[in-house]
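Here is what each chain is made of, one letter per residue.
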Amino acid sequence: GGGSSSRSSSSSSSASPAGGAAAAGVPATAKAGEDAGEVAEVERRRAQVLRDTEVLRQVDALQLRIEAHSKQLARLHRELSWDARLRVAARQLTRPVRTSVGVLTRRLGRKRDLEELWTFLAGQTLISARVIADLLMGNYGKSGLLDVLPHSPLLAVHAPAIYAHIDKLQAHVPEIL
């Protein structure tokens, strides 16, 4: 213990008002405020390191579980008959379409009455027609219909969700293309 008492006595003498800060013309309260800010920053960084460590631990654990589940899933798929494998493949192919239709269905379901529903549908249809016309006339710069056609299968899958949000997407079409 002798070493710790010499440290505490030296630190208490430097913290006294007669110490370095007051002698250098810096008020003791300013120095104390700076020290408090530095301490708060160190504590904030320490807390962030602890949070990061915990999140990284959770990510690692989740990745291990995903790998284990992927292996189990592959094993189960190998045990399926060909007919069952085809049904699984068909479900996987149709999932994006079902998800996209679900987006549109939820958006339509939020309309309070038929008038609001028809107003929404008319607006989305007009915007969609305007976007397609602009695409056909080359109003999006170098990107035109020929640039979009190779992606049409993907666009068709997502068409219901795109239609549901075309009012928000319209302004971003040039960047998307």
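See the structure shown above.
Everything quoted here is computed from the prediction, not taken from an experiment.

Rules used in this analysis
- Residues numbered from 1 in each chain as written.
- Predicted model: local features only at pLDDT ≥ 70, side-chain atom pairs only at ≥ 80, totals over all residues.
- Heavy atoms only, no water.
- Helix = DSSP H or I, 4+ residues; strand = E, 2+ residues; numbered from the N terminus.
- Contact = heavy atoms within 4.5 Å.
- Areas by Shrake-Rupley, 256 points an atom, 1.4 Å probe, with all protein chains shown as cover.
- Phe/Tyr/Trp six-rings, centres within 6.5 Å; stacked < 30°, edge-to-face > 60°.
- Lys NZ or Arg CZ within 6 Å of the ring centre and 35° of its normal.
- Expected span 1.5 Å × (residues − 1).
- Bend = angle between axes of the 7 residues up to and from the residue.
- Buried < 20%, exposed > 50% of the residue type's maximum accessible area, 1.4 Å probe, protein only.
- Patch = residues over 30% accessible without salt bridge, like charges linked within 9 Å, V, L, I, M, F, W, Y side chains within 5 Å.
- Salt bridge = Lys/Arg side-chain N within 4 Å of Asp/Glu carboxyl O.
- Polar contact = N/O pair within 3.5 Å; in protein donor to acceptor, adjacent residues only side chain to side chain.

Q: Explain the overall build of the protein chain to me, and be specific about the residues and the numbers.
A: Of the regular secondary structure elements, the protein chain holds nine helices and zero strands. For the protein chain, long-range pairs separated by at least 24 residues make up 59% of all intrachain contacts whose partners lie at least 6 apart in sequence. About 13,500 Å² of surface is accessible on the protein chain, with carbon and sulfur atoms providing 64% of the total.

Q: Tell me about the packing of aromatic side chains, and name the residues and values.
A: In this structure the tally under the stated criterion is zero aromatic pairs. Between Arg 85 and the ring centre of Trp 82, over which it is positioned, the NZ or CZ distance is 4.8 Å. Lys 111 extends its terminal NZ or CZ atom over the ring of Phe 120, reaching a point 4.4 Å from the ring centre.

Q: Before we move on, can you summarise helix H4 (residues 82-109) with the specific residues and values?
A: End to end, H4 covers 39 Å across 28 residues, agreeing with the expected 40 Å (1.5 Å per residue, within 8%). Where H4 bends most, the angle comes to about 40 degrees, and this point is Thr 94, followed within four residues by the proline Pro 96. Of all the residues in H4, the buried ones are Ala 84, Val 88, Ser 100, Gly 102, Val 103, Leu 104 and Arg 107.

Q: I'd love a proper account of a nonpolar patch on the surface, names of residues and values included.
A: Residues Ile 132, Leu 136, Met 137, Leu 145, Leu 146 and Leu 149 make up a contiguous nonpolar surface patch of roughly 640 Å² in combined accessible area. For the nonpolar patch, the elements supplying multiple residues, two or more each, are helix H5 (114-136) and helix H6 (145-148). Structurally, the position occupied by Ile 132 is in helix H5.

Q: Residue-level account of the environment of Arg 51, with values.
A: Checked against the element boundaries, Arg 51 lands in helix H3 (residues 28-79). Within polar-contact distance, the side chain of Arg 51 engages the side chain of Gln 48 at 2.8 Å.

Q: If you had to explain the environment of Gly 123 to someone new, which residues and values would you point to?
A: Residue placement: Gly 123 occurs in helix H5. The class for Gly 123 is partly exposed, based on a relative accessible area of 26%. Between the alpha carbons of Gly 123 and Ile 166 there is a distance of 9.4 Å; along the sequence they are 43 residues apart.

Q: Could you give an account of the pattern of salt bridges, naming the residues involved and the relevant values?
A: In total, this model carries seven salt bridges according to the counting rule given. Glu 54 is the partner of Arg 57 in a salt bridge, and the nearest nitrogen-oxygen pair spans 2.6 Å. Within this pair, Arg 57 and its partner Glu 54 are both found in helix H3, separated by three residues, close to a single helical turn. The class of Arg 57 is partly exposed, set by a relative accessible area of 48%. Given the relative accessible area of 33%, Glu 54 is considered partly exposed. Among the ionic pairs, Arg 107 bridges to Asp 167, the shortest N-O distance being 3.2 Å. Note that Arg 107 is positioned in helix H4 and Asp 167 in helix H8 (residues 166-169), a separation of 60 residues in sequence. Its relative accessible area of 10% is what places Arg 107 among the buried residues. On the basis of relative accessible area, Asp 167 is assigned to the partly exposed category, the value being 33%.

Just distances and angles here, no functional claims.
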